[in-house]
Each structure stands twice: as C-alpha cells, then as structure tokens.
Amino acid sequence: MKRFWAASSFFNTRTRLLLSKRTKVAICAILATFLAWIVLSQTGWLFGIFFVITITATFGLILWVLAEDLAGIKFLTIPALPVFYLGAFLGLAKSLVLSPVGIFTAGLALGTSFYFLLLTQNIYNIAAARSIGLVRAANVSGTLFTVIAAFLAYGIVWVSGLPFWILVPAVFLISFILSALSIWSTHLEEKISWLDFKVAILLSLILAQIALALSFWPILSLIGALVLSIALYVALSLTQFELQERLSNRVIAEYLLIGVVVLVLILVTTRWGG
C-alpha cells in the first residue's frame, strides 16, 4: 500500500509539472500573439523599437518556460529557432503591408504555430539531458518549423528586391543558421561539432548557388522563397537520414522526385512574357 501511494504521489507530481510546463508554453504563445499585433500595427522607427523589444522579451520568456533542463549549448540552440521564427514571421508580415484583418489573422497564426514550436523545443531540451521516446517525432516537427522559418526569412529577402550580390550572401547566412541548428538537433550533443559546421556550410553554399540562379530567372518573389525552402527541406532531410545511418536508394529517389516537382513549379510560375 505504501508503494502504491508513493507511486501515486510521484505520478501526480509529474502531472503537475507537465501541466505547469504546458501552461508556461501557452502563456508564452499568447504573449507572442499580442506582441505580434502590437509590432505589426507600428510604422517607421516605432516598428523597429517594438520589434527589438518583442524579440528580447520572447527570448527571456523562452528561457523562463524551458529553464528546468537548459544547460550549456542549449541556452543558445533551444531558443534560437523560436526567436528566428518570430523575427522572420514579423518581418515578412510587415513587408507584405497587411490590413488590420490581416494583422489580426497573422497574430493568431503566429501564436498557434509558436505554441507547437515551443513544445517541439521542449522535447529537444529534455532529450538532450535524458533519453525519451519522442525525439523522432520532434525531428519531423523541428524540420517542418525550420523550413517554415526559412520560407519566411527567404521571403523577406526576395520581397525586398535586393541585388544578387546582397541576396546570395543573405540566403547563405539564413541557410547556415537554420542548417546548423537542425543538424545539431539530430544528435543533441553538448556542443556543435566542427563536422556540423562543415555540413551546414556545404548545404548553405548549395542554397546560395540556387539563389544565385533564381535571381536571374523571371520568377515570382514568394515562389523563389518557396523553391529555396523546399530545396532546404530536401537537403536537411537527406542529411539527417545520412547522420542517422538510414539513407537508402529509395529515400534518395523519393527526394529526387520532390526536386522534379520543384523544377516543374519553377517552369510553370515563370513570367516568360515579363
């Protein structure tokens, strides 16, 4: 009987802790929604000020939400993707000059997606300290959010109409940051190894070369961002399969098919008459 009550007490404690963590995640997502509404309603220098405040506050909130297992390199790698995602979301939304209804919808979309992104980062945070069974699901979710963040960031670069000599380095930098984070999440080591950096650099160079080619191609702005995002998805997925020693000819063929679909997308959306 004593063992039963001890086990019951342990279960209740774990449940309260889980609810507490989820409550914190929900609070952070709700605050991100309200901050997004405030930031996107500003113009000129006020937008810049509120943008910096929002990014800084969100970083602090993430540390508060996930503080229980944060240590070492995770102080940087765990909050990095949510903060990057938030900044890229706000940047692209502002670039598109949304209406009040659009701003309201964008805030809701950000808050909802941010909630699930934080849950994913929480799994990484725990899995880096002890073994849990949700890592593979988190890798799928993490890759998805990485690709979405890439699309948002690439979209800012493409919509801005930058010359190729600025656009290409910008794409390289965006790709490097997101690739390094994604590769680290595959094995969750105590540091980002030199091999991780080399692989991230290689993938970023590939993405930069694709961006250079697209910069001379008469393609719609957001389609260019979408093509780069899909290319990043293929590159990261194949890299993760290789690092996990699960890469096979079937997997390569599946992702080559995605490449063919992207090529068709480019040809169909090209403004041949422009």
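Residues numbered from 1 in each chain as written. Predicted model: local features only at pLDDT ≥ 70, side-chain atom pairs only at ≥ 80, totals over all residues. Heavy atoms only, no water.

Engineer: Outline the overall build of the protein, listing residues and values.
Structural biologist: Across its full length, the protein carries nine helices and zero strands. Order of helices (α) and strands (β) in the protein, N terminus to C terminus: α-α-α-α-α-α-α-α-α. Computed over C-alpha atoms, the radius of gyration of the protein comes to 20 Å, within 12% of the 19 Å expected from 2.2 N^0.38 for 274 residues, which places it in the range of a compact globule. In terms of its C-alpha atoms, the protein occupies a principal-axis envelope of roughly 80 × 50 × 30 Å. Evaluated residue by residue, the protein yields a buried proportion of 43% over its 274 residues. Look at the contacts in the protein between residues 6 or more apart in sequence, and 76% of them connect residues 24 or more apart. Averaging the coordinates of the 16 positive side-chain charges in the protein and doing the same for the 8 negative ones gives two points 11 Å apart. (Helix = DSSP H or I, 4+ residues; strand = E, 2+ residues; numbered from the N terminus. Rg over C-alpha atoms; globule rule 2.2 N^0.38 Å. Buried < 20%, exposed > 50% of the residue type's maximum accessible area, 1.4 Å probe, protein only. Contact = heavy atoms within 4.5 Å. Lys, Arg positive; Asp, Glu negative; His and termini not counted. Charge placed at Lys NZ, Arg CZ, Asp CG, Glu CD.)

Engineer: Describe unusual backbone geometry, with residues and values.
Structural biologist: Of note, the phi angle at leucine 188 is positive, near 55°, even though the residue is not glycine. You can see leucine 188 is positioned in the loop between helix H6 (164-187) and helix H7 (194-215).

Engineer: So what's going on with the packing of aromatic side chains? Residues and values would help.
Structural biologist: Summed over all chains, the structure comprises 11 aromatic pairs. With 6.3 Å between their ring centres and 40° between their planes, tyrosine 85 and phenylalanine 89 make a pair best called tilted. In this pair, tyrosine 85 and phenylalanine 89 both sit in helix H3 (residues 74-95), four residues apart, roughly one turn of the helix. Considering the side-chain rings of tyrosine 233 and tyrosine 255, the 5.9 Å spacing of their centres and the 50° angle between planes classify their relative orientation as tilted. With tyrosine 233 in helix H8 (residues 221-243) and tyrosine 255 in helix H9 (residues 249-269), this pair connects stretches of sequence that are 22 residues apart. A relative accessible area of 31% means that tyrosine 233 is categorised as partly exposed. We classify tyrosine 255 as buried; its relative accessible area is 10%. Site record: aromatic cluster; members linked through ring pairs are Phe34, Trp37 and Phe104. (Phe/Tyr/Trp six-rings, centres within 6.5 Å; stacked < 30°, edge-to-face > 60°.)

Engineer: A description of a nonpolar patch on the surface should follow, citing residues and the corresponding values.
Structural biologist: Judged by side-chain polarity, Leu162, Phe164, Trp165, Ile166, Leu212 and Phe216 come together as a nonpolar surface patch covering roughly 600 Å² of accessible area. Top element by residues in the nonpolar patch is H6. It accounts for three residues. On the secondary structure map, phenylalanine 216 appears in the loop between H7 and H8. (Patch = residues over 30% accessible without salt bridge, like charges linked within 9 Å, V, L, I, M, F, W, Y side chains within 5 Å. Areas by Shrake-Rupley, 256 points an atom, 1.4 Å probe, with all protein chains shown as cover. Salt bridge = Lys/Arg side-chain N within 4 Å of Asp/Glu carboxyl O.)

Engineer: Lay out the environment of threonine 270 with the relevant residues and their values.
Structural biologist: Relative to the helices and strands, threonine 270 is located in the segment after H9. Residue classification places threonine 270 among the buried residues on the basis of a relative accessible area of 7%. When the C-alpha positions of threonine 270 and leucine 226 are compared, they lie 13 Å apart, and in sequence the two are 44 residues distant. Those residues in contact with threonine 270 that sit more than four places away from it in its chain are Trp217 and Pro218.

Engineer: Any chance you could break down the packing of H3 against helix H5 (residues 135-159) for me, citing the residues and the numbers?
Structural biologist: Two elements in contact, H3 and H5, have axes whose closest approach is 8 Å; the angle formed by their N-to-C orientations is 35°. Remark: the crossing between H3 and H5 carries left-handed chirality. Contact residues: Leu81, Phe84, Tyr85, Ala88, Phe89, Gly91, Leu92 and Ser95 in H3; Gly142, Phe145, Thr146, Ile148, Ala149, Phe151, Leu152, Ala153, Gly155, Ile156 and Val159 in H5. Across the contact of H3 with H5, the residue classes break down as 14 nonpolar, five polar and no charged. (Axes fitted to C-alpha atoms, helices over the stretch in contact; angles between N-to-C directions. Left-handed = near helix turned anticlockwise from the far one by under 90°. Nonpolar A, V, L, I, M, F, W, Y, C, P; charged D, E, K, R; others polar.)

Engineer: Can you tell me about the packing of H5 against H6, naming the residues and giving the values?
Structural biologist: Angle between the axes and distance between the axes: these two values describe a pair of packed helices. For the pair H5 and H6, the least separation of the axes is 10 Å and the interaxial angle reads 170°. Taken together, the axis directions place H5 and H6 in an arrangement best described as roughly antiparallel. For the pair H5 and H6, contact is made by Asn139, Thr146, Ala149, Ala150, Ala153, Tyr154, Val157 and Trp158 and by Leu167, Ala170, Val171, Ile174, Ser175, Leu178, Ser182, Ser185 and Thr186, respectively. (Parallel < 35°, antiparallel > 145°, perpendicular 65-115°, else oblique.)

Engineer: Talk me through the environment of glutamine 240; I want residue IDs and the actual numbers.
Structural biologist: Here glutamine 240 shows up in helix H8. A C-alpha to C-alpha distance of 9.1 Å links glutamine 240 and asparagine 139, two positions 101 residues apart in sequence. A distance of 3.3 Å separates the side chain of glutamine 240 from the side chain of threonine 143, its partner in a polar contact. (Polar contact = N/O pair within 3.5 Å; in protein donor to acceptor, adjacent residues only side chain to side chain.)

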